[in-house]
Amino acid sequence: MTHAIHYERVDDIAILKAQNPPVNALGIDVRLGLLAGIERAEAEGARAVLIYGDGRTFFAGADIREFGKPMKDPGLPDLCNRIEAADLIVVSALHGTALGGGLEVALSSHYRIAVPSAKMGLPEVHLGILPGAGGTQRLPRVAGTEAALDMITSGRHFGAAEALEKGVIDRVQEGEPSEIGLAYARELLDQGAPRRPVCDMPAPAAVDFDAVYEKTLAKGRGQLSPATAVRAVQAACEAASFLEGLRRERELFTELMESDQRQGLIHAFFSERAVSKLPELADVTPRDVASVGVIGGGTMGAGIATAALLAGVSVVLIERDASAAEAAGQRISGNLSGALKRGKISQDQFDTMTGEALELATEYGALGQVDLVIEAVFEDMDVKREVFKALDANCKPGAILASNTSYLDINEIAAATSRPQDVIGLHFFSPAHVMKLLEVVVADQTDPDVVATGFALGKRLRKISVRSGVCDGFIGNRIMNAYRKAADYMVLDGASPYQIDRVMTGFGFAMGPFAVGDLAGLDIGWAARKRRAPHRDPRERVVHFADILCEGGDFGQKTGKGFYVYEAGKRGGTPNPDVEKYIAQDQADQGVSPREFSDAEILRRYMCAMVNEAAKVVGEGIARRPLDVDMVLLFGYGFPRYHGGPLKWADLQGLAGILADIETYAKEDPYFWQPAPLLQTLVAEGRCFDDLNKAEK
């Protein structure tokens, strides 16, 4: 036995208690302890074994410290097979979470009981793999093929009630897991219940697996693990024996383990947990934030207010007049109605959030007692400075003054106040109550406890918070500006915007850059280009076809026409026939002879532009680590999670090849394609971006 599993006997029942806090992860000590416990129980003549978890949970999954490393014996597949083969009755009592390998251990038991609050699931597809310890073979036998396919390919968690309904568990009962499990084991013995190995159950019914595979691959936008899991479940139905099904599961599991997508998803998993852990804030205490002010009640401001209310923070929202304030209140109420309809909040909570927790006002004096204010007004520096002067005059000492600006200089905004140390950027993404990314933009004079408060608020709002330095566009919009320029240049040189959108959705984005522009509003980019025009380097290529669209009042979805034409009641749009004319006009004006672009070249240029600018952002210290960039692009810009982020993708592709391509592109446009010094250094030293992530740990 190991310390991770405690063994005791109660009459003729052996009890194996997992005691591997905090989540009883199935590391090597736990696996050894379970194996030894089963063998000891058999040797001592016990008639049944109860497995349960001490503390707050059953086995919550694998030990993340073992991810990507060879599994030491006994591996989880062999352990599950050994539990199932035990010559006595094995009962698992579930509470907390039984996820991944935890559920596979339970499925290898002969009987399963759970408390009503227990959650279960096989989330391996989110890590780029599939359940590899018999989960794809046992779950279909107890739950049926269709239910198992849904649970495995989605990786979703499900509750005890659903698990009971689907046959995943045998009983739901209130009580302590040890007590209800022991009572259930005694009951089974008293009834003379037989061993009931899942492997001996009939193979489940087959479905049209080819159709399910194609549908799953399309739904995952090219992610391999859910679709591959379909083939593993197919083996449960069609293999000559249970053992053959296990062998097929192991083959498919191994294929996924060796894939780039698995590396990308594992990188995303760990980076998501590391991104908000900043060494300089380890001993810094955040300021208390019980109430938040929001300036501006448009789509963004209302979304920020909604996010705060959902987190239990009271809100004072300032608008320019009573009618605008009322409209803002209606937007917030509409947002919260969605949460109410989905069961995320109760009617009482809705009433509180739209009542006593929300104050709508038209005077800055109403902000006198709030702890933090977030400005979300028009993206104009003069407007922002006036707002911050008013905040400086009306907010209490120690109140944090935050701007939601997408591009503008936080240092310049802070200079409009007498307390620049209290000023920070909190860049939310629209819709702010839905999107998970928050860029915490740190100005030159921002106090550390203000930075810590930004991260604490982000955590409270359930955001992925990423530290950014000050530059035009911060991390995300600066990089987006670069890869969007690359797309525009390809269109000017002969590619179709619709071909580019198709290529990028094929890569895994939900939308291509031109469809995204239509969704966000083409006038936003138009305004940014006009703002930058006086400072534009004369060497920069300038594309005009998007401006021609905007000059005609075509801003995308909100006007019904942009790069695409949108009809009421229809999803998506159809290509705007005017766009081709505007592109041809731009090409003629600039003397460009258009050429054809292959899909492969489009993808490579688009991604090289993204990686090159991201490397500049890291090299300049705007982002501290490559993983910060990856998390911004994943959570704010729809970068496919299974690629890990642009810099993880670059590592997997090979930095030397990317740099060589950038240097080739630079021969035709040396200004735009200036190689990032950091990229050059990494290639020269034979290192990769992930080496920089490891150096920060």
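Details of the structure are given in the entry above.
What counts as what
Residues numbered from 1 in each chain as written. Predicted model: local features only at pLDDT ≥ 70, side-chain atom pairs only at ≥ 80, totals over all residues. Heavy atoms only, no water. Helix = DSSP H or I, 4+ residues; strand = E, 2+ residues; numbered from the N terminus. Buried < 20%, exposed > 50% of the residue type's maximum accessible area, 1.4 Å probe, protein only. Contact = heavy atoms within 4.5 Å. Areas by Shrake-Rupley, 256 points an atom, 1.4 Å probe, with all protein chains shown as cover. Lys, Arg positive; Asp, Glu negative; His and termini not counted. Charge placed at Lys NZ, Arg CZ, Asp CG, Glu CD. Core = buried A, V, L, I, M, F, W, Y, C linked by side-chain atoms within 4.5 Å. Expected span 1.5 Å × (residues − 1). Axes fitted to C-alpha atoms, helices over the stretch in contact; angles between N-to-C directions. Left-handed = near helix turned anticlockwise from the far one by under 90°. Nonpolar A, V, L, I, M, F, W, Y, C, P; charged D, E, K, R; others polar.

Scanning the protein chain from N- to C-terminus turns up 29 helices and 19 strands. For the protein chain, the spread of C-alpha atoms along the three principal axes comes to 85 × 60 × 55 Å. Here the protein chain, with 697 residues, has 55% of them falling under the buried criterion. Restricting the contact set of the protein chain to residue pairs at least 6 apart, pairs at least 24 apart contribute 72%. Carbon and sulfur atoms make up 50% of the accessible area of the protein chain, which amounts to about 28,900 Å² in all. For the protein chain, the separation between the mean place of its 75 positive charges and that of its 95 negative charges on side chains is 1 Å.

So, about the nonpolar core. With 83 residues, the main nonpolar core has Leu34, Val49, Ile51, Phe59, Met120, Leu139 and Val168 as its most contacted residues. Setting aside anything within four residues of it in sequence, one finds isoleucine 51 in contact with Leu16, Leu34, Phe58, Phe59, Ile83, Val90, Val91, Ser92, Ala93 and Ser109. Core analysis: the next-biggest nonpolar cluster, separate from the first, contains 79 residues, Val466, Ala487, Leu549 and Tyr566 among them.

Now for helix H13 (residues 322–341). Between the first and last C-alpha of H13 there are 28 Å, a value that for 20 residues agrees with the 28 Å anticipated at 1.5 Å per step. Within H13, burial applies to Ala324, Ala325, Ala328, Gly329, Ile332, Leu336, Gly338 and Ala339. Looking at the buried residues of H13, the elements they touch are helix H12 (299–310), strand S11 (314–318), helix H14 (347–354) and strand S12 (358–361). Following H13 by one or two positions, glycine 343 has its phi on the positive side, about 80°.

Where helix H18 (residues 476–492) meets helix H20 (residues 513–520), the closest approach of the two axes is 10 Å, and the angle between their N-to-C directions is 115°. For H18 against H20, the interelement crossing comes out left-handed. Along the contact surface, H18 presents Arg484, Ala487, Asp488 and Val491, while H20 presents Pro513, Phe514 and Gly517. Of the residues that constitute the contact of H18 with H20, the class distribution is four nonpolar, one polar and two charged.

Mapped onto the fold, alanine 432 is located in the loop between strand S15 (423–428) and strand S16 (437–441). Given the relative accessible area of 0%, alanine 432 is considered buried. Expressed as a C-alpha distance, the spacing of alanine 432 and glycine 303, which sit 129 residues apart in the sequence, is 4.6 Å. Residues contacting alanine 432, with those up to four places away along its chain left out, are Met300, Gly303, Ile304, Ala307 and Lys463.

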